[in-house]
Amino acid sequence: DAHLVHVSTDYVFDGDKGLPYHEWDDTGPLSVYARSKLAGEVEVDPAWTVVRTSWVFSRHGGNFVQLVLDRAAAGEPLRFIDDQVGSPTAADDLARLLRRLAVERLPGLFHATNGGPTNRYEQAREILRAAGMDPARVEPIPSSALEWLATRPVNTALDNAALRLSGIPLLPDHREPLERIVKELTA
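Residues numbered from 1 in each chain as written. Predicted model: local features only at pLDDT ≥ 70, side-chain atom pairs only at ≥ 80, totals over all residues. Heavy atoms only, no water.

**Digging into the nonpolar core**
Logical step 1: Judged by nonpolar contacts, the single largest core of 18 residues is most densely connected at Val65, Val68, Phe80, Ile127, Val138 and Val182.
Logical step 2: Of all the secondary structure elements, the ones that give two or more residues to this core are α2 (64–73), β4 (78–81), α4 (120–130) and α6 (175–186).
Logical step 3: In this structure Val182 touches Val65, Leu69, Ile127, Ala130 and Ala131, once residues within four positions along its chain are discounted.
Logical step 4: Among the nonpolar cores identified, the runner-up in size contains 11 residues, and Val51, Leu94, Leu101 and Leu171 belong to it. (Core = buried A, V, L, I, M, F, W, Y, C linked by side-chain atoms within 4.5 Å. Buried < 20%, exposed > 50% of the residue type's maximum accessible area, 1.4 Å probe, protein only. Helix = DSSP H or I, 4+ residues; strand = E, 2+ residues; numbered from the N terminus. Contact = heavy atoms within 4.5 Å.)

Right, here's the structure in full:
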């Protein structure tokens, strides 16, 4: 009698909207990964829950925060793209929300990210700032400077409209957990 919560991705969108996507926007996946995630969403029973999230980070494992800190500590160049926008999400914030959706058995489609869209360049600057390092070390580059194996959407910032409309408290601005996690990783 378990309640399924299927975790999906912002990549189900093509990134051309120019504004944050809400749950009722048309999808348009650009890669095999994105198409497979959307196919998973379609297979979920309407009585269950689908949660789209993005740019997940935590104090554990490999993720963008650890990458930036490792490169900074090694004195490596810090060049990150500034022309792709997304919504960073702290894994522990997301886990608490997923648990709530499961325990309360709330059906439907929800976007679940921390607040405040950003790009990787700005996020890297925030990481260095939180670590007490000089954010000016980060250089912006266009995504065209990188060789991607798959096409990535330009702007997949998510609007957590369904959470708002359901009366569920939104996750805090992404900079709050980012600062906390950076402090823990650099302590």
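**Quick word on the pattern of salt bridges**
Logical step 1: Taken as a whole and judged by the stated rule, the model has 13 salt bridges.
Logical step 2: The partner of Glu41 in a salt bridge is Arg52, and the shortest N-O contact between them spans 2.7 Å. Within this pair, whereas Glu41 is found in helix α1 (residues 32–43), its partner Arg52 is found in strand β2 (residues 49–53), the two being separated by 11 residues in sequence. Across the pair, Arg52 and Glu41 agree in class, each one buried.
Logical step 3: With a closest N to O distance of 2.9 Å, Glu126 and Arg129 form a salt bridge. Of this pair, Glu126 and Arg129 both sit in helix α4, separated by 3 residues, roughly a single helical turn.
Logical step 4: On the accessibility criterion, Arg129 (40% relative accessible area) is partly exposed.
Logical step 5: Several salt bridges share partner residues, and in doing so they unite Arg59, Asp92, Arg180 and Glu184 into one network. (Salt bridge = Lys/Arg side-chain N within 4 Å of Asp/Glu carboxyl O.)

**Side note on the pairing of β2**
Logical step 1: Judged by how many residues are buried, β2 sits mostly within the fold: 5 of 5 residues are covered.
Logical step 2: Residues of β2 alternate between two faces, with Thr49, Val51 and Thr53 on one and Val50 and Arg52 on the opposite face, all of them buried.
Logical step 3: In the sheet, strand β1 (residues 5–9) pairs with β2 via 5 bridges, with the strands oriented parallel. Bridge pairing links Val7 to Val51 in β2.
Logical step 4: At this point the chain moves from β1, through α1, to the parallel β2, and the crossover so formed is right-handed.
Logical step 5: The pairing of β2 with strand β7 (residues 108–111) spans 4 bridges and is classified as parallel. Paired with Thr49 across the bridge in β7 is Gly108. (Pairing = 2+ DSSP bridges. Right-handed = clockwise from strand over helix to strand, strands pointing away.)

Any link to function would need more than the numbers given here.
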